[in-house]
There are 2 protein chains.
Amino acid sequence: MLVPILAAEALYQTTGTLPVNVKFFFEGQEEIGSPQLAEFVTGHRELLACDMVLAADGSQGGENQPILLTGRRGLCALQIDIQGAERDVHSGTYGGSFLNPIHALVQLLSSLHDEQGKVRVEGFYDAVASVSQEERRMLAEASFDEDAFRTGLGVPRLFGEPSFTPMERIGIRPTLEINGIGGGFQGEGVKTVIPATAHAKITCRLVPDQDPDDIVEKVASQIRKNASEAVTVRVTSLPGGGLPYRVAADHPGNRAAASVLARLYGTPPNVARMGGTIPVCGIFLRHLNASTIHFSFGLSDENIHAPDEFFRLESFRRGQRAYCMMLEEIPRHG
Amino acid sequence: MLVPILAAEALYQTTGTLPVNVKFFFEGQEEIGSPQLAEFVTGHRELLACDMVLAADGSQGGENQPILLTGRRGLCALQIDIQGAERDVHSGTYGGSFLNPIHALVQLLSSLHDEQGKVRVEGFYDAVASVSQEERRMLAEASFDEDAFRTGLGVPRLFGEPSFTPMERIGIRPTLEINGIGGGFQGEGVKTVIPATAHAKITCRLVPDQDPDDIVEKVASQIRKNASEAVTVRVTSLPGGGLPYRVAADHPGNRAAASVLARLYGTPPNVARMGGTIPVCGIFLRHLNASTIHFSFGLSDENIHAPDEFFRLESFRRGQRAYCMMLEEIPRHG
């Protein structure tokens, strides 16, 4: 956020004017899913009216490789709570007579994906807009070292929908991930208990034009439909959703960004979609009819969200130059 | 344990002798699965030699209903640990590109039972000895209020192998229970993480003639066989197993117990099998060729293992009388 402010200030101090009108919007709720943002934006449409938004949240492809973002995935979240007996009971005294809630839970959860990792929730993919061959070609052009990616994760092999590349699976395909599961005894050794409860947390990453509320309802109703009557199953929608977002590679803002980035890095940007969610993009598009251009200079090795997160001083300086150039470039693209 | 000691002492003080030779064996490892007991018993066969064993660990059917125990289930335990990425990662940045270890875990676990609760591990039931029609008839005669049992557990309905009654499923049928499951975020709210690891703990209750080591191997090899190569799956046998145990209703010790209990309660005992495991029974049978007669006076409402566990003073007095009568009754049954 500091980078664009300093850049605009520097440009104004140097030239005595700015090539475009600039409004700054400070969004402090991104990490908790911006729960009150939509209400604020709809209540202040005139104050916030603009032609496009530049977002400082995001990253480039590498120290020498710029990217042009054409989309971000959305998000929705839910929780499953299963109750069996009203208390934990002894697996010897009672085991075999009633349904263990962990058993009910793993049956329900295992039915949510097929063997190849495709989501098996009825209607889950119905609203997924097809991505043009042109965009898939552009996305494929981005250099991606699959082996380095796999080694970086430390997994034996990559995995997911076979008809999409790993980058496509992250960028243009929705997911359903179980983020947490718990029930019964998790300490060291053995405890012969049948727990009273078991639970799981799920989030879905969504792509245009999936709707967070609709997907929560589809997942929830499939779970309710398949739930055994021998246990009590509760499905709860959790706050923190976000709309999926896309913006054309030839949007005036992206054309301006491409021009600036190519000059700044000496190489044209790769077109990319990112898997993470920034709720503000979907909210500005829906309520202000303004597309968000990602113009941001983080790098993937900067341990985002970790205790040792950092940002390169070089990226700080490059970002300031970039924002000055961008403010001058935008008027040339209408 | 105190009850039989006081009873033998009282009988000896009163009559100057005991009708049978008595050895006391103090087993302090029952709650941790008696890991060193077999080694101790095999190393002291002569010291421990006996015609039968009376066990003070166990319960009667109710304040006015004695039972005659003809079997206890055995136990074996294992743990599944699944590793995906080498660290927790962001579900937006990486979701869709590799296999979430929780997904791999629920797939493996859900394959261990069929829809009706039967264990679906290859060979799991191979060694299960058939129970005679005569014993099933005797077991069925025990009064069992299914509705009270279900209400006591607080479950919407009972559940399990449809060709066996709930009491049979607890007594004469083996189980595979997931005692604990864990992975990822289990706190309040949402965390969009793909966890590095997920794990589950399993115990099986075994019936004659299943062998704990054999069952662990069968479960482990099925899990290994079905494990996805996109994650690392480790299966570990956990200590604390126990052999399943049975003793005939007309074993001399059970005949003596039936006679004493009928006189003491004014009603003949029901024949019962119990689902819990007491490893000492199988160990004494295997290494000393001595059957264990359950002669014990706990009741099911005494909150065994709970902080407010208790034992009725009346059961204490009844038990002392019972042990005196038992020591006099045993010689009459050879």
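Above this text you will find the structure in question.
So, how was this worked out
- Residues numbered from 1 in each chain as written.
- Chains lettered and ligands numbered in written order.
- Predicted model: local features only at pLDDT ≥ 70, side-chain atom pairs only at ≥ 80, totals over all residues.
- Heavy atoms only, no water.
- Contact = heavy atoms within 4.5 Å.
- Salt bridge = Lys/Arg side-chain N within 4 Å of Asp/Glu carboxyl O.
- Nonpolar A, V, L, I, M, F, W, Y, C, P; charged D, E, K, R; others polar.
- Pairing = 2+ DSSP bridges.
- Helix = DSSP H or I, 4+ residues; strand = E, 2+ residues; numbered from the N terminus.
- Least-squares fit on C-alpha atoms with pLDDT ≥ 70 in both.
- 1 Å grid on protein atoms, 1.4 Å probe; cavity = no way out; pocket = protein on both sides within 12 Å on 5 of 7 lines; lining within 4 Å.
- Points joined across faces, edges and corners; volume = space filled by probe spheres on them.
- Buried < 20%, exposed > 50% of the residue type's maximum accessible area, 1.4 Å probe, protein only.
- Core = buried A, V, L, I, M, F, W, Y, C linked by side-chain atoms within 4.5 Å.

Engineer: How would you sum up the interface of chain A and chain B? Please name residues and give values.
Structural biologist: Contacts between chain A and chain B engage 73 residues on the former and 73 residues on the latter. Summed over the shared surface of chain A and chain B, the result is 2 salt bridges. Between Glu229 of chain B and Arg157 of chain A there is a salt bridge; the shortest N-O distance is 2.8 Å. Here the residues of the side of chain A that touches chain B are counted per class, giving 30 nonpolar, 32 polar and 11 charged. With 5 bridges connecting them, strand S5 (residues 175-184) of chain A and strand S5 (residues 175-184) of chain B associate as antiparallel partners.

Engineer: Describe the relation of the copies chain A and chain B, naming the residues involved and giving the relevant values.
Structural biologist: Mapping chain A onto chain B leaves a residual RMSD of 0.1 Å; the transformation is a rotation of 180° accompanied by 0.1 Å of translation along its axis. In symmetry terms, the pair is related by a two-fold rotation axis. Comparing interface residues between copies, 100% of those in chain A also lie at the interface in chain B; the contact surface is shared.

Engineer: Now, about empty space enclosed by the protein: what can you tell me, with residues and values included?
Structural biologist: Remark: the empty space left among the atoms is shown by a probe the size of a water molecule rolled over them. All names here are of chain B. Summed over the entire model, instances satisfying the criterion amount to 5 cavities of 30 Å³ or more. A volume near 50 Å³ is recorded for the largest cavity. Gly58, Ser59, Gln60, Ile67, Leu69, Arg72, Met274, His294 and Ser296 together form the lining of the largest cavity. When residues in the lining of the largest cavity are grouped by element, the largest group, 3 residues, is from strand S2 (residues 67-72). Residues that form the lining of the largest cavity fall into these classes: 3 nonpolar, 5 polar and 1 charged.

Engineer: Tell me about the sheet that holds S2 of chain B, and please be specific about residues and values.
Structural biologist: Residues and elements named next belong to chain B. Strand order across the open sheet formed by 3 strands is S9-S2-S10, with mixed pairing between neighbours. Only two strands of the sheet have a single neighbouring strand rather than two, namely strand S9 (245-246) and strand S10 (270-274). Note: S2 against S9, 2 bridges, orientation antiparallel. Across the sheet, residue Gly71 finds its bridge partner in S9, namely Arg246.

Engineer: Account for the sheet that holds strand S2 (residues 67-72) of chain A, with residues named and values stated.
Structural biologist: Residues and elements named next belong to chain A. Read across the sheet, 3 strands follow the order S9-S2-S10 without closing on themselves; strand pairing throughout is mixed. Strand pairing shows two members of the sheet lacking a second neighbour, strand S9 (245-246) and strand S10 (270-274), which therefore form its edges. By the bridge criterion, 5 bridges tie S2 to S10 in an arrangement that is parallel. Each bridged residue has a counterpart across the sheet, and for Leu69 the counterpart in S10 is Ala272.

Engineer: Any details on unusual backbone geometry? Residues and values, ideally.
Structural biologist: All names here are of chain A. The omega angle of the peptide bond from Pro208 to Asp209 is 0°, so this bond is cis rather than trans. Locating Asp209 in the fold gives a position in the loop between strand S7 (197-206) and helix H9 (212-226). Non-glycine residue Ser34 carries a positive phi angle of around 50°. Relative to the elements of secondary structure, Ser34 occurs in the loop between helix H1 (2-15) and helix H2 (37-43).

Engineer: With reference to specific residues and values, describe the pairing of strand S11 (residues 291-294) of chain A.
Structural biologist: All names here are of chain A. The two faces of S11 match: Ser291 and Ile293 on one face and Thr292 and His294 on the other face are all buried. Relative to S11, strand S1 (residues 52-55) is paired through 4 bridges, and the arrangement is parallel. Along S11, the bridge assignment pairs Met52 with Ser291.

Engineer: I'd like to hear about the nonpolar core, residue by residue, with values.
Structural biologist: Leu109, Ile202 and Cys204 of chain A together with Leu109, Ile202 and Cys204 of chain B are the most contacted members of the largest nonpolar core, which has 72 residues in total. Those residues in contact with Ile202 of chain B that sit more than four places away from it in its chain are Cys76, Ala77, Leu78, Ile80, Leu109, Leu112, Leu176, Glu177, Ile178 and Asn179 of chain B. By size, the runner-up hydrophobic cluster in this structure holds 36 residues, among which are Val41, Val247, Leu264 and Ile330 of chain A.

Engineer: Account for the pattern of salt bridges, naming residues and giving values.
Structural biologist: Throughout the structure, instances matching the rule amount to 34 salt bridges over all chains. For Glu168 of chain A, the salt bridge is made with Arg136 of chain A, and the minimal N-O distance between the two is 2.7 Å. Placement of Glu168 of chain A in helix H8 (residues 166-171) and of Arg136 of chain A in helix H6 (residues 133-141) is noted, with a sequence separation of 32 residues between them. The exposure class assigned to Arg136 of chain A is partly exposed, which follows from its relative accessible area of 23%. The closest approach of N and O atoms between Arg312 of chain B and Glu302 of chain B, which form a salt bridge, is 3.0 Å. With Arg312 of chain B in the loop between strand S11 (291-294) and helix H12 (313-329) and Glu302 of chain B in the loop between S11 and H12, the pair connects residues that are 10 residues apart, well separated along the chain. This pair shows no difference in class: Arg312 of chain B is buried, exactly as Glu302 of chain B is.

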